[in-house]
Every structure is written in structure tokens, then in C-alpha cells.
Amino acid sequence: MNPLFAIDAHLDLSMNAMEWNRDLTLPVPSIRKREEGLTDKPDRGKNTVSFPALRDGNFGIVVATQIARYVAPDNNLPGWNSPEQAWAQTQGQLAYYKAMERKGELKQLTNWQELQEHLEYWNSSTDENKAIGYILSLEGADSIVSLDYLDIAYNYGLRALGPAHYGPGRYANGTNATGKMPPMGIDLLHKMEKLGIILDATHLCDDAFWQAMEHYNGPVWASHHNCRALVNHNRQFDDEQLKELIQRGAVIGAPMDAWMIVPNWVRGESTPESTNCNLEAAANHIDHICQLAGNAEHIGIGSDLDGGFGKEQGPYDVDTIADLQKFTTILAKRGYSEADIEGFMHGNWLRFLKNAWGG
């Protein structure tokens, strides 16, 4: 049986290409072989994503990120010392995506008509190397030097934006930080709403999350987020936040980062096997959201695979991203209908985008 058409709402493709120096046109084993003996990053030789692997998993559409953090002098997180440097980094990432478009590996999608045309192409093409559709997203808004830059970004195709990442940000505080958004953060939300840019609630700290819900009336999703009820950390959303997202019509993407799937993960010590981190454990978060919603209309994939981690910090039954097709069997065994499973693999994201883009 052919794998179901699939959408992944969060992949750091350009970061992997530009900062990890991975040629994503190669099969996963070839990338791993190229990294044998490298120790500069903990996931060397353990990547799970490439364009061939996406095609193997029938991932015809992905949300692909730009990411670059600004760090103030008292911030010890990795990043850039000025917003302009961060902007320049995202422009290098954009140049990578454009080069992949010219090579025929990717196809940018910016509206509902383009998305429909891509679906028809993907489902009819017999080309083994057919172009993967991508929707451009920005993870963390630090690189938006001023709101004028958001116009520039929209014009080159930016369609989703998460104001925060880790730590304190220029527009909003993120994971492991606290505090409300400054006035420029509220202005950013209003500008996003005017342009029709999707708000990605992922990584917003609790204070900023509720403030964003109050000030932003456009389409909201959480591209890669799990449940605080199962793994108690501020990186996850609590049930009230999840209910708010559900009420707003959001879709919440399931990430594959082990420490977000199972509790008590210790970086550098825990292993997927020792913590029983597998796709069944990830499905517990998916199921929790469905129980809160009373239906399966708000779940999807937002894997974040190779988002700074590899096989050493992901479900042990995932060798490449194509293995996420195993969710179809896992969810079926849990009593989810064929329509529910199709919704999880692609249908919920498509419905969301149709509504967001006026299809």
C-alpha cells in the first residue's frame, strides 16, 4: 500500500544545509557517511531528514523555516549580536531555498491556488525527484529589524511566524523565559494580522501566549508542540492553552524531540531506549489533544526532526522521516478512523490553510 500523502509543519531545512553543512539532495545514509568522525555537534551522523527521505515518506508539503536569534550582551544563547546580522543570516537561508527551487527540489507555496496546483502535480507526477512544496516560516522574530522588514519578508513569501524561540526575544519571550510582550511585539502581531501571516504560537512563554491570544485575531497554529500534562515543562502547552488553540481552530503539530515526548529526559545521558521513547509515546500527546477537543481535527505532524538533534534524541523507531508513516498503524490500533488518520497526516493542515488563505 502506498504511504498516505503527508505534511510536516516544521522542518529546519535551511539551518541544516547552511549551519550543519548538509546536502539535503542526498539520501540520509550518504549524509551520515559524510559526517563520520565529526564531533562538533551531538547529532553528527544521526540525521533523519533529506529530500529523498521526504519523498520516501510521501511528504509532499513541508513548512520550512528561517531562524536566527539576536542575543543581548547578557544572553548566553547562541545567536547574532545585532538584528541586522540575524536578518542577513535568514537571507542566506532564503537563498538556499531559492537555489533548491531552481534545482527542482522545492516549490514555494504562498496561496491556496498554488497549493491546489501543487497537490495535483504531486499526486499525478511519476517523477522520482518531484519538487516538494514548502511554505516559508520564521522561527523567532528577532531578525525582523523593524516592521518594514516584515513587508519585505511577506513579499518574498513568508507566510507563518513564531514571535519567540528560546529565551528572551526582541518581540516576545520564549521557552525558559517569562514576561509579557513589549509594545513592538503587539505592533508585530497587528502587522502580521494585516498581512495575513499565520501566528505560530510555538515557543511563546505563558505570559506572551495569552497576550498574543488577546491581541491577534488572525489564523493561529502551533507548528510543533506537545502537552504539559504529560511532560511538565514550560516548553509544552497546558490544557487551558491547548483548549484556547482548539477554540481558535488551530492545528497542533506533533514534534519528535524525545525530551518533549517522555518525562525525565536528561540531555547527554538518557537514550530513546532507556526512556521508552517511541512513536507510541508520541501518540499519547496526540491522543491527549484529541480528548481535549472531542475530535481529531486539531492534530498534525510538526516533527522538528533534525532540529538540533538526531536519532540520539528522537523516537527509537524512527530512522528517517519516512518512518512517521508508522503513525497510520498506531492510530488505527487506538481506534482512530481512516478519516481521522488522513486528517492527522495531511487533512487538518490543508483545511487550516484553506481557511487561512481564503480558499
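Above this note sits the structure.
I will try to describe carefully the structure that is included in this document. (Residues numbered from 1 in each chain as written. Predicted model: local features only at pLDDT ≥ 70, side-chain atom pairs only at ≥ 80, totals over all residues. Heavy atoms only, no water.)

### Side note on the pattern of salt bridges
Then step 1. Under the criterion given, the structure shown has 13 salt bridges.
Then step 2. Between Asp-319 and Arg-32 there is a salt bridge, with the nearest N and O atoms lying 3.2 Å from each other. Residue Asp-319 is found in the loop between β9 (299-301) and α12 (327-333), and its partner Arg-32 is found in helix α2 (residues 28-34); the two are separated by 287 residues along the sequence.
Then step 3. Asp-319 sits in the partly exposed class, given a relative accessible area of 33%.
Then step 4. Residue class for Arg-32 comes out buried when judged on its relative accessible area of 16%.
Then step 5. Taking the shortest distance from any N to any O, the salt bridge between Asp-40 and Arg-44 comes out at 2.9 Å.
Then step 6. Connected via shared salt-bridge partners are Arg-22, Glu-35, Asp-40, Asp-43 and Arg-44. (Salt bridge = Lys/Arg side-chain N within 4 Å of Asp/Glu carboxyl O. Helix = DSSP H or I, 4+ residues; strand = E, 2+ residues; numbered from the N terminus. Buried < 20%, exposed > 50% of the residue type's maximum accessible area, 1.4 Å probe, protein only.)

### Let's talk about helix α11 (residues 279-293)
Since the α-helix turns once every 3.6 residues, residues separated by three or four places project in the same direction.
Then step 1. Over its 15 residues, α11 runs 21 Å from end to end, which matches the ideal 21 Å to within 8%, given 1.5 Å per residue.
Then step 2. Restricting attention to buried positions, one finds in α11 the residues Leu-279, Ala-281, Ala-282, Ala-283, His-285, Ile-286, His-288, Ile-289, Cys-290 and Ala-293.
Then step 3. Contacts from the buried residues of α11 go to α9 (239-247), β8 (252-254), α10 (258-261), β9, α12 and α13 (338-356).
Then step 4. Where α11 starts, the residue carrying a side-chain oxygen 3.2 Å from the main-chain nitrogen of Glu-280 turns out to be Asn-278.
Then step 5. Among the residues trailing α11, Gly-294 stands out with phi positive, at a value near 80°. (Expected span 1.5 Å × (residues − 1). Contact = heavy atoms within 4.5 Å. Polar contact = N/O pair within 3.5 Å; in protein donor to acceptor, adjacent residues only side chain to side chain.)

### Details of the pairing of strand β5 (residues 158-162)
Then step 1. Of all the 5 residues making up β5, 5 are buried; the element is thus mostly covered by neighbouring parts of the structure.
Then step 2. With 4 bridges joining them, strand β4 (residues 132-139) and β5 adopt parallel strand pairing. When the bridges of β5 are listed, Leu-136 appears paired with Leu-158.
Then step 3. Pairing between β5 and strand β6 (residues 198-200): 2 bridges, direction parallel. Bridge pairing in β6 places Leu-161 opposite Leu-199.
Then step 4. Of the crossover connections in this fold, the one passing from β5 over helix α7 (residues 183-195) to the parallel β6 is right-handed. (Pairing = 2+ DSSP bridges. Right-handed = clockwise from strand over helix to strand, strands pointing away.)

### Remarks on the pairing of strand β1 (residues 6-11)
Then step 1. Across the 6 residues of β1, 6 count as buried, placing the element largely inside the fold.
Then step 2. Inspection of the sheet shows β1 paired to strand β2 (residues 59-66) by 4 bridges, in the parallel sense. Bridge pairing in β2 links Ile-7 to Ile-61.

Treat this as a map of the structure, not an account of what it does.
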